[in-house]
Amino acid sequence: MNTYQSKSSIFVKIATASILIVVTMIAIMLTTTDKSYGLMGGVILSLLIFGSVIYFYSNSLKKIIIEKDSIILQKNIGQIKILKVDIIEVSRLSYSNLTMTYGSKGFFGFIGKTMDDSISLVKDRKNMLRITTKNKKYLFSSLNSDQLVQEMKRIYNN
């Protein structure tokens, strides 16, 4: 069993910090205004912010675990298990601007669904990989993406 870490790129770190700062400032400004709608709007916006932060943080990829019969995409909260028998193709992708149908485009990573119906857990667009299974496609990133692809191809082609 080998483990590969997934780290955020500088873009993702800056986007996450910037969005958190701006949205927090908006919530503070709304709650400190004297109007009755300002307090209510600030509380509602704060709850939406908190829910979004928890959702995107929990779905952010932490590490990739290669096991004998599966690959586990370990998120901060939860995991996705991809069985060896379901894998059709493993490939390394070049730098790309991901087109999302829904999800985050930089906030804790590129998390959600892409236009080609892939599940995206990308934190660094320069080190992306794709696993195609019988039913789904997964996009994710790893620090040692070339080494990870070689190991997956070696293990899963046997």
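Counting starts from 1 at the beginning of each chain's written sequence and moves along it residue by residue. For a predicted model such as this one, the threshold for reporting local features is a pLDDT of at least 70, and the threshold for listing and counting side-chain atom pairs is 80 or more; totals across whole chains, interfaces and linings nevertheless cover every residue. In computing side-chain properties, one takes all heavy atoms of the structure into account and sets aside hydrogens as well as water.

Asks: Got a sec to walk through the sheet that holds strand E8 (residues 118-122)? Specific residues and values, please.
Replies: At least two DSSP bridges between two strands are required for those strands to pair. Where helices and strands are cited, they refer to DSSP runs of H or I of at least four residues and of E of at least two residues respectively, numbered from the N terminus. With respect to topology, six strands assemble into an open sheet ordered E5-E9-E10-E8-E7-E6, the strand pairing being mixed. Taken across any chain shown, the strands that pair with only one partner, and hence form the sheet edges, are strand E5 (87-93) and strand E6 (100-103). The mean inter-strand angle of the sheet, taken between neighbouring strand axes irrespective of direction, is 20°. Each axis is a line fitted through C-alpha atoms, taken for helices only over the stretch in contact, and angles between the N-to-C directions span 0 to 180 degrees.

Asks: Before we move on, can you summarise the pairing of strand E9 (residues 128-133) with the specific residues and values?
Replies: Of all six residues making up E9, five are buried, and the element is well covered by its neighbours. Bridge count for E5 against E9 is six bridges, and the pairing is antiparallel. For Ser91, the partnering residue across the bridge sits in E9 and is Arg130. One ladder, built from five bridges, connects E9 with strand E10 (residues 137-141); its direction is antiparallel. Looking across to E10, one finds that Met128 is bridged to Ser141. Hairpin connection, E9 to E10: the antiparallel pair is bridged by three residues. Working definition: with a 1.4 Å probe on protein chains only, accessible area under 20% of the residue-type maximum means buried, over 50% means exposed, and in between means partly exposed.

Asks: With reference to specific residues and values, describe the pattern of salt bridges.
Replies: Where charged atoms from two side chains of opposite charge come close, those side chains can pair. Salt bridges are identified by distance alone: a Lys or Arg side-chain nitrogen within 4 Å of an Asp or Glu carboxyl oxygen. Going through the model one piece at a time under the given rule, you end up with four salt bridges. For Lys134, the salt bridge identified is with Asp86, shortest N-O distance 4.0 Å. With Lys134 in the loop between E9 and E10 and Asp86 in the loop between strand E4 (79-83) and E5, this pair connects stretches of sequence that are 48 residues apart.

Asks: How would you sum up a nonpolar patch on the surface? Please name residues and give values.
Replies: Residues enter patches when they are more than 30% accessible in relative terms and free of salt bridges; like-charged ones are connected within 9 Å and nonpolar ones (Val, Leu, Ile, Met, Phe, Trp, Tyr) within 5 Å. Note that accessible areas follow from Shrake-Rupley with a 1.4 Å probe, and for residues the cover is restricted to the protein chains shown. Where nonpolar side chains cluster on the molecular surface, the patch consists of Val22, Ile26, Met29 and Leu30 and spans about 330 Å² of accessible area. Judged by its relative accessible area of 47%, Val22 is partly exposed.

Asks: Please set out unusual backbone geometry residue by residue, giving values where relevant.
Replies: You will see that Phe108, though not glycine, has its phi angle at about 65°, which is positive. Checked against the element boundaries, Phe108 lands in the loop between E6 and strand E7 (110-114). Overall, the relative accessible area of 16% leaves Phe108 in the buried class. Positioned with a positive phi, Asp117 is a non-glycine residue whose angle comes to about 70°.

Asks: Quick one: what's the story with the sheet that holds strand E3 (residues 70-75), residue by residue and with numbers?
Replies: Ordered by their spatial adjacency, four strands build an open sheet running E1-E2-E3-E4, and the pairing between neighbours is antiparallel. Because the sheet does not close on itself, it has two edges, and the strands there are strand E1 (2-5) and E4. Each adjacent strand pair in this sheet contributes to an overall mean axis angle of 15°, direction not counted.

Asks: Which residues make up the packing of aromatic side chains, and what values go with them?
Replies: Pairs were defined over the aromatic rings of Phe, Tyr and Trp, the Trp ring being its six-membered one, requiring ring centres within 6.5 Å. Orientation was assigned from the angle between planes: stacked under 30 degrees, edge-to-face over 60, tilted for the rest. Applying the stated criterion to the full structure yields five aromatic pairs. Between Phe56 and Phe107, the aromatic rings sit 5.9 Å apart at their centres with planes inclined by 80°, giving edge-to-face as the arrangement. Here the residue Phe56 occupies a position in helix H2 (residues 36-58), and Phe107 occupies one in the loop between E6 and E7, the gap between them amounting to 51 residues. With relative accessibility at 15%, the residue Phe56 sits in the buried group. Here the aromatic rings of Tyr57 and Phe108 are separated by 5.8 Å at their centres, their planes lie at 70°, and the arrangement is edge-to-face. Residue Tyr57 is located in helix H2, and its partner Phe108 is located in the loop between E6 and E7; the two are separated by 51 residues in the primary sequence. Using a relative accessible area of 42% as the deciding quantity, one classes Tyr57 as partly exposed.

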